Structures are given as structure tokens and as C-alpha cells.
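# Geometric and topological summary
In case you want the letters, here they are:
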Amino acid sequence: MKMIECPGGINVIISNLENRVLECMTEEVCKADLSERDQNIAQDLVSKGVAMRERREGKTYFSKTKGSL
């Protein structure tokens, strides 16, 4: 388990598996490049406010949220 800080200073606890997927998001990652399991984990990270989901040109991209500092 890890505790990371979201924008706004809120601490969120994520599992080691969620951390592995989050580390893959150093830059944008396309949903098609992720396995089905990693897609679900990435969606959970979006729900927790740790990651962002963008839709461009018919494709879905995941990336880390940018901090306010």
C-alpha cells in the first residue's frame, strides 16, 4: 500500500497494483495499450482522482493528474 498526494493536498491510499499502473502513466498511455485488468485499475485511479482520462480522436488516454505546485 502507498499513500500519494492528489492535487489539492488530499492523501489517497492506493494498492501496489494500482501504483504499478500509475507508474506506467509517466506520459499518456492509450487504453488500447493496456490489458483489460490494467484498464479497470486505471479507471479506478480516475475515480480516486489520481489519474485523468481524456478522449481524443476516438481513443481514450490515461495520464497522471498534475499537481497544483
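This report concerns the structure included in the present document. Given the structure is predicted, the values throughout are model-derived calculations rather than measurements.

A count of helices and strands for the protein gives two helices and five strands. Reading the protein from its N end, one meets helices and strands in the order β-β-α-β-α-β-β. Over its C-alpha atoms the protein spans a radius of gyration of 12 Å, differing by no more than 12% from the 11 Å that the globule rule assigns to 69 residues. With the C-alpha coordinates of the protein rotated into their principal frame, the extents come out at 35 × 25 × 20 Å. Burial statistics for the protein: of 69 residues in total, 32% are counted as buried. A fraction of 44% describes how many contacts in the protein between residues 6 or more apart in sequence connect residues 24 or more apart. Carbon together with sulfur atoms contributes 48% to the accessible area of the protein, which is approximately 4800 Å² in total. Taken as two groups, the 11 positive and 11 negative side-chain charges of the protein have centres that lie 2 Å from each other.

As enumerated under the stated definition, the model contains zero aromatic pairs in all. Over the ring of Tyr-61 we find Arg-56; its NZ or CZ atom is 4.4 Å from the centre of that ring.

Among the residues of helix α1 (residues 16-24), those classed as buried are Glu-18, Asn-19, Val-21 and Leu-22. In a view along the axis of α1, the buried residues occupy a sector of 165°, so they form one face of it. Turning to α1, the residues buried within the fold contact β1 (2-5), β2 (11-14), α2 (36-48) and β5 (59-64).

Reading the values: rules and limits
Residues numbered from 1 in each chain as written. Predicted model: local features only at pLDDT ≥ 70, side-chain atom pairs only at ≥ 80, totals over all residues. Heavy atoms only, no water. Helix = DSSP H or I, 4+ residues; strand = E, 2+ residues; numbered from the N terminus. Rg over C-alpha atoms; globule rule 2.2 N^0.38 Å. Buried < 20%, exposed > 50% of the residue type's maximum accessible area, 1.4 Å probe, protein only. Contact = heavy atoms within 4.5 Å. Areas by Shrake-Rupley, 256 points an atom, 1.4 Å probe, with all protein chains shown as cover. Lys, Arg positive; Asp, Glu negative; His and termini not counted. Charge placed at Lys NZ, Arg CZ, Asp CG, Glu CD. Phe/Tyr/Trp six-rings, centres within 6.5 Å; stacked < 30°, edge-to-face > 60°. Lys NZ or Arg CZ within 6 Å of the ring centre and 35° of its normal. Arc of directions from axis to C-beta.

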